Amino acid sequence: RLAKQGGYALSQFSTSSSPQFKAMIMLKRKEGIERSEFEKWWLTQHKGLALQLPGLKKYAVSLVDVAEGDEEPMYDGVAELWFDKKEDLAAAYETKLGSEVAADSMAMVCKRDRLLTYEHVFEPDS
């Protein structure tokens, strides 16, 4: 019997590659910083610094979609940073640039939580 998840048999999906190391960093802006200002900072200034981290393979930012009248979310978004291995992330943040990236982030946020993961990517079979 096939296990089902979300209406799909798990056997319908195949992995596209071996697990890849990824840091997921959830950020919450400091009080008094407007959401639009925070998003602009993240997608311009901070992105420009983060993309220079040594060993970085890919960088993505996902911003929380908040409609007027919605409750304030726990986080404003999540950054995803891919590296070949966990040690490459640690080495990147031990550099002068890594310290600048961290300081730039901490100047804008009141909350920063990280998940260090190994990503498994699956795609539906054609």
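Here, every reference points to the structure presented above.
Below: a short report on this structure. None of these values were measured; they are calculated from a predicted model.

1. Topic: the nonpolar core
Point 1. Ranked by size, the top nonpolar core spans 21 residues in total, and within it Leu27, Phe38, Trp42, Tyr59, Leu81 and Phe83 carry the most contacts.
Point 2. Every element with two or more residues in this core is listed here: β4 (20-29), α1 (35-50), β6 (77-83), α2 (86-93) and α3 (96-106).
Point 3. In this structure Phe38 touches Leu27, Arg29, Ile33, Asp76, Met108 and Val109, once residues within four positions along its chain are discounted.

2. A short note on the packing of α1 against α3
The geometry of a pair of packed helices is captured by two quantities: the angle between their axes and the separation between those axes.
Point 1. α3 packs onto α1 with a crossing angle of 165° between their chain directions and a minimal axis gap of 9 Å. It follows from the interaxial angle that α1 and α3 lie roughly antiparallel. Judged by the sense of rotation from one axis to the other, the crossing of α1 with α3 is left-handed. For the pair formed by α1 and α3, the contact residues are Trp41, Gln45, His46, Leu49 and Ala50 on the first element and Leu97, Glu100, Val101, Asp104 and Ser105 on the second.
Point 2. Among the residues forming the contact of α1 with α3, the class breakdown is five nonpolar, three polar and two charged.

Criteria and cut-off values
Starting afresh in each chain, residues are numbered from 1 along the sequence in its written order. Whole-chain, interface and lining totals are the exception, using all residues; otherwise, since this is a predicted model, local features are given only for residues with pLDDT of at least 70 and side-chain atom pairs are given and counted only at 80 or more. Side-chain measures here rest on the full set of heavy atoms in the structure, leaving out hydrogens and waters. Here, nonpolar core refers to any group of buried Ala, Val, Leu, Ile, Met, Phe, Trp, Tyr and Cys residues whose side-chain atoms link them within 4.5 Å. Whether a residue is buried, partly exposed or exposed follows from its accessible area with a 1.4 Å probe, protein chains only, as a fraction of its type maximum: under 20%, in between, or over 50%, in that order. Numbered from the N terminus, helices here are DSSP runs of H or I no shorter than four residues, and strands are runs of E no shorter than two. Whether two residues are in contact is decided by their heavy atoms, any of which lying within 4.5 Å being enough. To define axes, lines are fitted to C-alpha atoms, for helices over the stretch in contact only, and angles between the resulting N-to-C directions are given on a 0 to 180 degree scale. We call two directions roughly parallel when the angle between them is under 35 degrees, roughly antiparallel when it is over 145, roughly perpendicular when it lies between 65 and 115, and oblique otherwise. By convention the crossing between two helices is left-handed if the near helix lies anticlockwise of the far one by an angle smaller than a right angle, and right-handed if it lies clockwise. Following the grouping adopted for this structure description, the nonpolar residues are Ala, Val, Leu, Ile, Met, Phe, Trp, Tyr, Cys and Pro, the charged ones are Asp, Glu, Lys and Arg, and the polar ones are all others, Gly among them.

Without other data, these values stay purely geometric and don't point to any function.
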